[in-house]
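# Reading the structure
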Amino acid sequence: MKTLLLAGAVALGLATAAVASDATKTPPVKDILAKSSPQEWRTPDPENLLYMDLPQGRVIIELAPDFTPLHAANIRTLVREHYFDGLAVIRVQDNFVTQWGDPEEDDKAKMKSLGKAKASLPPEFTRPIDAKLAWTPLPDGDVYAPEVGFSNGFPAARNKASGQAWLAHCYGAVGVARDVGPTTGSGSSLYAIIGQAPRNLDRNLAVAGKVIKGMEFLSAYPRGAEPMGFYKDASMRTTIKSVRMATDVPAAERTPIQVLRTDSATFAAVVDAKRNRHDDFYTLPAGKIDLCNINVPVREKP
């Protein structure tokens with residue numbers, strides 16, 4: 001009889017715990033987003049959107065002129081000069097980057113003309129902190145910077161002691177390739193982070209933007225066998241069909257994309273859900289989250 005009573009008490013306790021657990025389950029992100037208001041989504045300026053059309057599909061890149069205005073302007077010039085059309089994905093290094101540009105850029109006799117674009121630019125690795133620039137801080141700290149957060153949808157870091165802010169090399173970040181000299185990057189060769197965030201690159205290269213759609217194409221290309229992931233055989237390169245500014249694309253051919261505002265209540269709820277995820281699978285919430293483990297939600301405009 002005592003055994004039966006004990007078993008019954010245990011069963012009742014488990015049932016009570018299950019009810020409590022259900023009450024404290026973290027809602028799925030899709031359910032949080034479903035309750036968002038239209039005002040919490042922003043439509044990127046088409047003058048800051050690049051459409052890179054590849055044989056596999058379209059990659060959409062949002063430029064970050066608040067952090068790298070000179071590079072954004074030069075990239076726009078290159079795009080409007082049709083510089084990238086017919087060039088290629090030249091390098092894919094596993095767990096690191098996919099890079100595209102001119103395969104002949106090291107041969108002045110064969111390299112493609114930059115047209116009206118500049119061949120070199122001042123380094124825009126950081127920018128001064130500005131109270132007018134949107135900033136949504138994260139609460140959990142960071143190894144690489146005193147403070148991290150989001151600025152208009154871009155993962156960023158800053159140091160109040162130095163008065164500097166910069167964009168972080170998270171997954172999908174688009175950076176400007178350069179030679180050893182800090183002024184040797186122009187935007188004529190770009191890379192996207194496809195692996196674990198190499199944050200040691202922060203403040204050493206200019207981050208000109210990020211991929212907001214189409215990472216599944218850039219991250220799936222065959223890895224190059226040469227040092228740093230360059231392709232030994234030119235036939236392995238993927239030819240870029242075209243790169244255009246969204247502004248210059250007919251309305252019917254544009255992708256109606258929206259990005260969740262990182263200063264919105266819904267984004268705060270998404271971050272909290274990811275930091276404190278608790279459901280049937282995640283029984284022990286981490287209570288923390290890394291800057292690069294937060295993907296800003298993107299959708300096609302309803």
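No experiment lies behind these values; they were computed from the predicted model shown.

Bringing the state of the cysteines into the picture now. Per the stated rule, a full pass over the model turns up 1 disulfide. Note on cysteine connectivity: Cys170 is disulfide-linked to Cys292, with sulfurs 2.0 Å apart. Taking the torsion about the S-S bond as the criterion, the Cys170 to Cys292 disulfide, at about -70°, is left-handed. Pair noted here: Cys170 is in the loop between strand E10 (164-167) and strand E11 (173-176) and Cys292 is in the loop between helix H5 (265-275) and strand E17 (298-300), with a separation of 122 residues, a long-range link. You can call Cys170 buried: its relative accessible area is 4%. Taking relative accessible area as the criterion, Cys292 reaches 13% and is therefore assigned buried.

Let's shift gears to the packing of aromatic side chains. Ring pairs (aromatic) are described by centroid distance and by the angle formed between their planes. This structure, assessed with the given rule, holds 3 aromatic pairs. Between Tyr83 and Phe84 the ring centres are 5.2 Å apart and the planes differ by 80°, which places this aromatic pair in the edge-to-face class. Given a relative accessible area of 2%, Phe84 falls into the buried group. Judged by centre distance (5.2 Å) and plane angle (70°), the rings of Phe281 and Tyr282 are edge-to-face. Judged by its relative accessible area of 36%, Tyr282 falls in the partly exposed class. Lys112 extends its terminal NZ or CZ atom over the ring of Tyr83, reaching a point 5.8 Å from the ring centre.

Where strand E6 (residues 127-128) lies against E10, 2 bridges are found, and the strand directions are antiparallel. Bridge assignment links Arg127 to a residue of E10, and that residue is Ala165. Pairing geometry for strand E9 (residues 154-159) and E10, over 4 bridges, is antiparallel. By the bridge assignment, Asn159 is partnered in E10 with Gln164. Count of turn residues in the E9/E10 antiparallel hairpin: 4 residues, of which Gly163 carries a positive phi of about 75°.

Reading the values: the criteria
- Residues numbered from 1 in each chain as written.
- Predicted model: local features only at pLDDT ≥ 70, side-chain atom pairs only at ≥ 80, totals over all residues.
- Heavy atoms only, no water.
- Disulfide = S-S within 2.5 Å.
- Helix = DSSP H or I, 4+ residues; strand = E, 2+ residues; numbered from the N terminus.
- Buried < 20%, exposed > 50% of the residue type's maximum accessible area, 1.4 Å probe, protein only.
- Phe/Tyr/Trp six-rings, centres within 6.5 Å; stacked < 30°, edge-to-face > 60°.
- Lys NZ or Arg CZ within 6 Å of the ring centre and 35° of its normal.
- Pairing = 2+ DSSP bridges.

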